[in-house]
Amino acid sequence: MPVLPGAEPFSRAGGPTGVLLCHGFTGTPQSLRPWAEYLAEAGLTISLPRLPGHGTTWQEMARTRWEDWYAEVDRAFDELRASTDEIFVMGLSMGGCLALRLAELRGHAVSGLVLVNPSVTAETKLFLLAPVMKLVVPTLKGVASDIKKPGITELAYDRVPVKAAASLPALWRITQQQLGQVTQPVRIYRSAADHVVGPANLEILRRTLPASQLEVIECPDSYHVATLDNDAEAIFAGSLDFVRSHSHAGKE
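Each residue is numbered by its place in its chain's sequence as written, counting from 1. Residues qualify for local features only when their pLDDT is at least 70, as the model is predicted, and side-chain atom pairs are given and counted only at 80 or more; totals for whole chains, interfaces and linings, by contrast, use all residues. Only heavy atoms go into the side-chain values, all of them from the structure, while hydrogens and water stay out.

Colleague: Explain the overall build of the chain to me, please; I cannot follow it from the model alone.
Modeller: Across its full length, the chain holds nine helices and nine strands. As a reference, a globule follows 2.2 Å times the number of residues to the power 0.38, and the radius of gyration itself is taken over C-alpha atoms. Against the 2.2 N^0.38 benchmark of 18 Å for 252 residues, the chain shows a C-alpha radius of gyration of 17 Å, consistent with a compact globule. Reported as C-alpha extents along the three principal axes, the dimensions of the chain are approximately 60 × 40 × 35 Å. Summary of the burial criterion: residues with accessible area below 20% of their type's maximum are buried, those above 50% are exposed, and those between are partly exposed, where the area comes from a 1.4 Å probe applied to protein chains only. Sorting the 252 residues of the chain into buried and exposed places 53% on the buried side. Contacts are residue-level and defined by heavy atoms, with any inter-residue pair within 4.5 Å sufficient. When contacts within the chain are restricted to residue pairs at least 6 apart in sequence, long-range pairs at least 24 apart make up 77% of them. Computed with the Shrake-Rupley method and a 1.4 Å probe, the accessible areas treat only the protein chains shown as cover for residues. Accessible surface for the chain amounts to roughly 10,600 Å². Of this, 54% is attributable to carbon and sulfur atoms. Computed over 23 positive and 27 negative side-chain charges, the inter-centroid distance for the chain is 6 Å. The numbering of helices and of strands both runs from the N terminus, where a helix is a DSSP run of H or I of at least 4 residues and a strand a run of E of at least 2. By the counting scheme adopted, Arg and Lys are positive, Glu and Asp are negative, and His together with the chain ends is not counted. Lys charges are placed at NZ, Arg charges at CZ, Asp charges at CG and Glu charges at CD.

Set out below in structure tokens:
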């Protein structure tokens, strides 16, 4: 299946510190490409995979589930681990949930998390009803390109494949249940106005993760896809500072 131009995965070899970036539901690596390139220019080793079913057609995505997306993140993590001494994991939206799940299962192999508007629960009828709706309709209106900055578009599907969406509640549920296993430092960037992921997501994380472990930074001038929006540069620079402050590479 041909990949849409601009949706290709991105990787670059660098120093002993690695960063794995996870894009969101129906999105592509394009939404995180400027972030990945910024970190690569700073000398980090970068992996930004394309999740299965993404960046091609919604029909192909309809044949995938959250387990497929997580498996690709897990594979990329192992590949990155073979060439680095430590790995930080970063993600946007559902990619933030995949990052949390990876931290739960990989433990100390993950050095820290930077999440942008992470999604860990269903707040819209689309996802709440998806397990039933998948039996009736194949797609619903898309959730892409929630961006405040004029002239910027997210490369993502304009339709949501309902069968794929119907698998998300299981990912959210298992991730929520095991959040207590996340012991790494976590920084969250939260947009002031997000039309995709609502405030209940952050509240769950605040209730579960200790205040000493969780840092929340506001993005006052961005919508959901903040990595392509007005606060993107602040996110990029802040994530690099986060890595440097928590890195152990070269400190032993």
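Still to come is the rest of the account.
Colleague: Where do I start with helix H3 (residues 66–81) in this structure?
Modeller: Turn by turn, an α-helix covers 3.6 residues, leaving residues three or four places apart pointing in a common direction. Here a helix's expected span is defined as the number of its residues, less one, multiplied by 1.5 Å. For H3, built from 16 residues, the straight-helix expectation of 22 Å at 1.5 Å per residue is met to within 8% by its first-to-last C-alpha distance of 22 Å. Within H3 the residues assigned to the buried category are Trp66, Trp69, Tyr70, Glu72, Val73, Ala76, Phe77 and Leu80. All buried residues of H3 fall inside an arc of 155° around its axis, so they share one side. Picture the helix axis, draw a direction to every C-beta atom, and the arc is the one those directions span.

Colleague: Before we go on, may I ask you to explain helix H8 (residues 200–208) in this structure?
Modeller: Those residues of H8 lying buried are Asn201, Leu202, Ile204 and Leu205. The buried residues of H8 all sit within an arc of 155° when viewed along its axis, so they share a single face. Looking at the packing, one finds that the buried side of H8 touches helix H4 (94–106), helix H7 (168–177), strand S8 (186–191) and strand S9 (214–219).

Colleague: Where do I start with the sheet that holds strand S4 (residues 86–92) in this structure?
Modeller: As a general point, the strands of a sheet are linked pairwise by backbone hydrogen bonds and lie either parallel or antiparallel. Between any two strands, pairing holds if DSSP finds at least two bridges. Pairing is mixed in the open sheet, where seven strands are placed in the order S1-S3-S2-S4-S5-S8-S9. Whereas interior strands pair on both sides, the edge strands pair on one side only; in this sheet they are strand S1 (10–12) and S9. Geometrically, the sheet is characterised by an average inter-axis angle of 15° between neighbouring strands, direction not taken into account. As paired elements, strand S5 (residues 110–116) and S8 share four bridges and run parallel to each other. Residue pairing in the sheet places Val116 in a bridge with Tyr189 of S8. Every angle, taken between N-to-C directions, lies between 0 and 180 degrees, and every axis is a line fitted to C-alpha atoms, over only the stretch in contact when it is a helix. Contacts from H3 reach strand S2 (17–22), strand S3 (45–48), S4 and S5 within the one sheet, and its direction differs from that of S2 by about 165°. Against the sheet, H4 makes contact with S2, S4 and S5, and its axis sits at roughly 160° relative to S5, the strand it touches most.

All we've got here are geometric facts, nothing functional implied.
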